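An overview of the molecular structure
The primary structure of each chain is shown beneath.
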Amino acid sequence: MQAIIHERFGPPSDVLTIEDVDTPQPGRGEVLVQVRATAVAKGDWLVAHGYPYIARPAYGIRTPKHRIAGLETSGVVEAVGADVTDFQKGDEVFGWTKAGSLAEFVAIPADHLVHKPGGITFEQAAAVPVSGFAALQAVRDAGGVDAGMDVLVIGASGGVGSFAVQIAKALGAEVTGVASTSNVGFVGELGADHVIDYTQESITGSGRRFDVIIDIAGNNSISTLRSALAGRGTAVIVGGSGGKVTMGFGRTLRSMLVSPFVPQRLKAVLSKPNQEDLKVLAGLVESGELIPRVEATYPLAQAAQAIELVGAGKSRGKTVVTI
Ligand SMILES: NC(=O)c1ccc[n+]([C@@H]2O[C@H](COP(=O)([O-])OP(=O)(O)OC[C@H]3O[C@@H](n4cnc5c(N)ncnc54)[C@H](OP(=O)(O)O)[C@@H]3O)[C@@H](O)[C@H]2O)c1
């Protein structure tokens, strides 16, 4: 089969190559998926580079732990290993993997998959896991978003943001999204009640105080976030910009140090993939409350280029490689 091979750390276009490799076989408890689509995100760019350095124990210290790139997928079950009872050949599925989905086939533990909802494409299904987990766990769990709350989503036009806006709306919140001028209309289409164009106005500009801020992009200081928060509001840091060592984790650390000493709650999210939440996301898709927004697609041979583009942090919605 063809796969995107990752044998050393560096810029995706230098270190990711398309090669012929052996097709994997499903082990005990695994499902062999014929991949139809694989979404790519900032995480794939970080793994290609081995950034931030503090994450190297997970990625591999000197060389990548996983030879094939790709972290999420959708496709059709080709075969199942021993002890797999929930899936059979021909089922349409989607899910996540530690690595290896930028390939024609991937063997995935059965508990990393769920059935693909009808009514969405393989491209849309592949777009759900990584961004969906981060958005759901930030909005529902860390943010505790509930009906009637005033919620600000910074980075609303991106992969995680496009899910966060829709999930906060599904929970009944009044949502304000933050995006650049060219993405203001897109964030409105996602269902945001208000949009702040950050090239024209700061998040504190309107004087509005939010119950919850989901901070996915940019580099607002902790004090700016606190100024935009209600007296007992919650700020949830999901991502941000920064250097190679911590990639913005410094801001996360500062928020954890400050939080015990202020009335507002400052939290950080490191999303944890799990099948229960994937079922929740599939349910939201099925009910029509969540529409995965795939805004760009690339063939497998251009996977490295797609990862370079999402790494630049200016892509809209989700980017998907079709296989
Ligand atoms: N904590 C976790 O578990 C977790 C999980 C997944 C991702 N992440 C992190 O979350 C971050 C976002 O990931 P993503 O996949 O959503 O990235 P993405 O698709 O590239 O989206 C980033 C968005 O940020 C917007 N943006 C850039 N500068 C901004 C600014 N100053 N203010 C507001 N928005 C700005 C861009 O929109 P405009 O063009 O409109 O500016 C872009 O659409 C990354 O740092 C990623 O590593 C964390």
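Preceding block: the structure.
How each quantity is defined
Residues numbered from 1 in each chain as written. Predicted model: local features only at pLDDT ≥ 70, side-chain atom pairs only at ≥ 80, totals over all residues. Heavy atoms only, no water. Helix = DSSP H or I, 4+ residues; strand = E, 2+ residues; numbered from the N terminus. Core = buried A, V, L, I, M, F, W, Y, C linked by side-chain atoms within 4.5 Å. Buried < 20%, exposed > 50% of the residue type's maximum accessible area, 1.4 Å probe, protein only. Domains from an automatic or database assignment. Contact = heavy atoms within 4.5 Å. Axes fitted to C-alpha atoms, helices over the stretch in contact; angles between N-to-C directions. Parallel < 35°, antiparallel > 145°, perpendicular 65-115°, else oblique. Left-handed = near helix turned anticlockwise from the far one by under 90°. Near = heavy atom within 4 Å. Polar contact = N/O pair within 3.5 Å; in protein donor to acceptor, adjacent residues only side chain to side chain. Areas by Shrake-Rupley, 256 points an atom, 1.4 Å probe, with all protein chains shown as cover. Nonpolar A, V, L, I, M, F, W, Y, C, P; charged D, E, K, R; others polar.

**Thoughts on the environment of Tyr53**
- Of note, Tyr53 is situated in the loop between α2 (42-49) and α3 (56-59).
- Along the backbone, Tyr53 and Ile291 are 238 residues apart, and their C-alpha atoms lie at a distance of 34 Å.

**Digging into the nonpolar core**
- Residues Val151, Val153, Ile167, Ile214, Leu278 and Leu281 are the most contacted members of the largest nonpolar core, which totals 41 residues.
- Of all the secondary-structure elements, those providing two or more residues to this core are β5 (92-96), α5 (129-142), β8 (150-154), α6 (159-170), β9 (174-179), α7 (184-189), β11 (210-215) and α10 (275-286).
- The greatest single-element share of this core, amounting to 7 residues, is contributed by α5.
- Split by domain, the residues of this core number at least three in each of domain 1 (2-128 + 292-322) and domain 2 (130-268).
- The contact partners of Val153, leaving out residues within four places of it in the chain, are Gly161, Ala164, Val165, Val175, Thr176, Gly177, Val178, Ile214 and Ile216.
- Listed in part, the 20 residues of the second largest apolar core include Val40, Trp45, Leu46 and Ala303.

**What about the side chain of Ser131?**
- Here Ser131 lies in helix α5.
- The class of Ser131 is buried, set by a relative accessible area of 2%.

**Brief notes about the packing of α5 against α6**
- It is the contact of α5 with α6, at a shortest axis distance of 8 Å, that shows an interaxial angle of 45 degrees. By the angle between their axes, α5 is oblique relative to α6. Between α5 and α6 lies a crossing whose hand is right-handed. Facing α5, whose interface residues are Ser131, Gly132, Ala134, Ala135, Leu136 and Val139, α6 presents Gly159, Val160, Phe163, Ala164, Ile167 and Ala168.

**A look at the site of the ligand**
- In the vicinity of the ligand lie 26 residues, with Gly159, Ser180, Tyr198, Val269 and Ser271 positioned nearest.
- For the ligand, an oxygen atom lies 2.8 Å from a polar atom in the side chain of Ser180.
- Asn183 has a polar side-chain atom sitting 2.9 Å from an oxygen atom of the ligand.
- Notes on the ligand: free accessible area 920 Å², of which the protein chains cover 85%.
- For the shell around the ligand, the secondary-structure elements that each account for two or more residues are α2 and α6.
- Of the residues that constitute the shell around the ligand, the class distribution is 12 nonpolar, 12 polar and 2 charged.
- Each of domain 1 (2-128 + 292-322) and domain 2 (130-268) contributes no fewer than three residues to the shell around the ligand.

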